[in-house]
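The primary structure of each chain is shown beneath.
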Amino acid sequence: MPEEIYSPGLEGVIAGETAISTVSGGLSYRGYSIENLARYGTFEEVAYLLLYGELPNAEQLDEFRKRLDAASQVPPAIIEAIRHFPPTALPMDVLRSGASMLAHWDPEIGDNSHEANIRKAERLLAQLPIVMAAHHRLKQGKEPVAPEAGRSLAANCLNMLFRADPSPGHEKAMDVSLILYAEHEYNASTFTARVVVSTLADLHSGIVAAIGALKGPLHGGANEKVMDVLGAVGKKENAEKWIRDALARKQKIMGFGHRVYKDGDPRAVYLKELCNELAKETGNEGLEVTADVIQRVIWEEKKLPPNLDWPSGRLYHYMNLPVELYTPLFVLSRTAGWAAHIIEQLDNNRLIRPRARYIGSEPRAWKPLAKR
Ligand code: ACO
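Notes on the structure follow. (Residues numbered from 1 in each chain as written. Predicted model: local features only at pLDDT ≥ 70, side-chain atom pairs only at ≥ 80, totals over all residues. Heavy atoms only, no water.)

One number sums up the size of the largest pocket: a volume of about 1500 Å³. Its residues assigned to classes, the lining of the largest pocket comprises 21 nonpolar, 13 polar and eleven charged. The computed volume of the second largest pocket comes to approximately 1100 Å³. The wall of the second largest pocket is formed by 29 residues, among which Val13, Ala15, Arg353, Pro354 and Arg355 lie closest to the centre. Of all elements in the fold, only helix H9 (188-197) and helix H16 (326-347) reach the threshold of two or more residues within the lining of the second largest pocket. In the lining of the second largest pocket, the residues fall into 15 nonpolar, five polar and nine charged. (1 Å grid on protein atoms, 1.4 Å probe; cavity = no way out; pocket = protein on both sides within 12 Å on 5 of 7 lines; lining within 4 Å. Points joined across faces, edges and corners; volume = space filled by probe spheres on them. Nonpolar A, V, L, I, M, F, W, Y, C, P; charged D, E, K, R; others polar. Helix = DSSP H or I, 4+ residues; strand = E, 2+ residues; numbered from the N terminus.)

For the rest of this paragraph, the subject is the environment of Pro87. Note on placement: Pro87 falls in the loop between helix H4 (76-83) and helix H5 (91-105). In this structure the C-alpha to C-alpha distance between Pro87 and Gly212, which are 125 residues apart in sequence, comes to 20 Å.

What follows is about the nonpolar core. Tyr29, Phe43, Met174, Ile294, Met319 and Leu321 are the most contacted members of the largest nonpolar core, which totals 108 residues. Not counting chain neighbours up to four residues away, the residues in contact with Ile294 comprise Leu230, Val233, Ala239, Ile243, Phe256 and Trp310. (Core = buried A, V, L, I, M, F, W, Y, C linked by side-chain atoms within 4.5 Å. Buried < 20%, exposed > 50% of the residue type's maximum accessible area, 1.4 Å probe, protein only. Contact = heavy atoms within 4.5 Å.)

On to the packing of H5 against helix H10 (residues 203-215). Their axes nearest at 9 Å, the elements H5 and H10 cross at an angle of 175°. Relative to H10, the element H5 lies roughly antiparallel. Residues Met92, Asp93, Leu95, Arg96, Ala99, Ser100, Leu102 and Ala103 of H5 lie in contact with H10, whose contacting residues are His204, Val208, Ile211, Leu214 and Lys215. Its residues placed into classes, the contact of H5 with H10 shows eight nonpolar, two polar and three charged. (Axes fitted to C-alpha atoms, helices over the stretch in contact; angles between N-to-C directions. Parallel < 35°, antiparallel > 145°, perpendicular 65-115°, else oblique.)

For the rest of this paragraph, the subject is helix H11 (residues 222-233). For H11, with twelve residues, the first-to-last C-alpha span of 16 Å sits near the 16 Å given by 1.5 Å per residue. Buried residues of H11: Ala222, Asn223, Glu224, Val226, Met227, Val229, Leu230 and Val233, and no others. Of the surrounding secondary structure, the elements contacted by the buried residues of H11 are helix H8 (168-181), helix H12 (236-248), helix H14 (285-302), helix H15 (309-318) and H16. (Expected span 1.5 Å × (residues − 1).)

So, on to the sheet that holds strand E3 (residues 32-33). One open sheet holds the three strands; their spatial order is E1-E2-E3, and the pairing between them is antiparallel. With partners counted over all chains shown, the strands left at the sheet margins are strand E1 (21-22) and E3, one partner each. For E1 and strand E2 (residues 28-29), the ladder comprises two bridges, and the chain directions are antiparallel. Across the sheet, Thr22 pairs through a bridge with Ser28, a residue of E2. (Pairing = 2+ DSSP bridges.)

These figures capture arrangement, not role.
Structure (structure tokens):
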């Protein structure tokens, strides 16, 4: 038995190996820096890179896009089920149920091979945006909009939500946010997915569990809560006092801090530029100034840098996206990373089963019911 090691929250623990991404020396996916991927690539190229290990050439990319287009349909029974969901159903929960329901219709649900899992991952990448957009429209009493072949996933998402061609600026902003959200090593949701499939459960089960893990405000849910912070702060003149008071009360400010990045999240640095541009384009410079004050004060008080959710929450706000869709958009993108990890786990699987340090009572004698 190895020496007992305990690290609360598994901080600093190497829980496995991966060739998919690293946060060492900046964040890179399969050796490519996220700055280069975001600047020169598209989400489709990044998803292909994550799933197949290499960037696609032109022909491979074209074939990949065609496969995504062909998979861009959801069984009518699922759309019908969504129609009957209560109006209180949250989009994150609908996506979780959607991923679970899609498993019932997946033609390869019983095949857990590497090749079948790549095909299942491609199908989910195409189908989950349809589930998210259909639920959003049905909730407003509108009929779903079908995806259009030949469009990027970013453009299709926006078109399916708003039935309007997105501007090139909005399509680019969505695409970059999807690239930055696509993968992040052994974060909580990815680790969840790996634990699930390490029992040899199927890919859909891993994705469903990962969506559940992403929902929490300490993880993906933070991008929605960022807007609560900005709303509560209000005018930029209030920002400094509001944040200092909140920190004095030990309140957690969503969009700040990270388990791994203690000096700064490179994704947040990159997205901030785009956020500034979009803020100018949409007349939201004031909110950027408030955000900068908040960022400065949190650094002064706690030495905490912003994480990706801090600029992405604002970016989505400038694109007029409903707040409750911010974390679901994260799901659509991270599905590529989750699937890559699920496949990597299954390619070289060992059941993930750590130990717990027991802190319960000493051995006790059984007490009959009448004597308790
Ligand atoms: N606001 C205020 N204080 C914070 C914050 C925050 N956002 N984050 C950490 N701290 C404080 C902690 O309270 C603690 O203070 P203390 O030493 O006085 O007790 C100190 O900073 C160290 O923080 P830890 O809790 O040890 O950090 P941990 O690594 O456990 O948590 C986490 C990381 C969960 C991300 C945390 O920073 C947090 O809750 N942030 C807000 C939620 C958030 O933005 N999540 C998104 C993560 S990134 C992503 O999923 C894309």
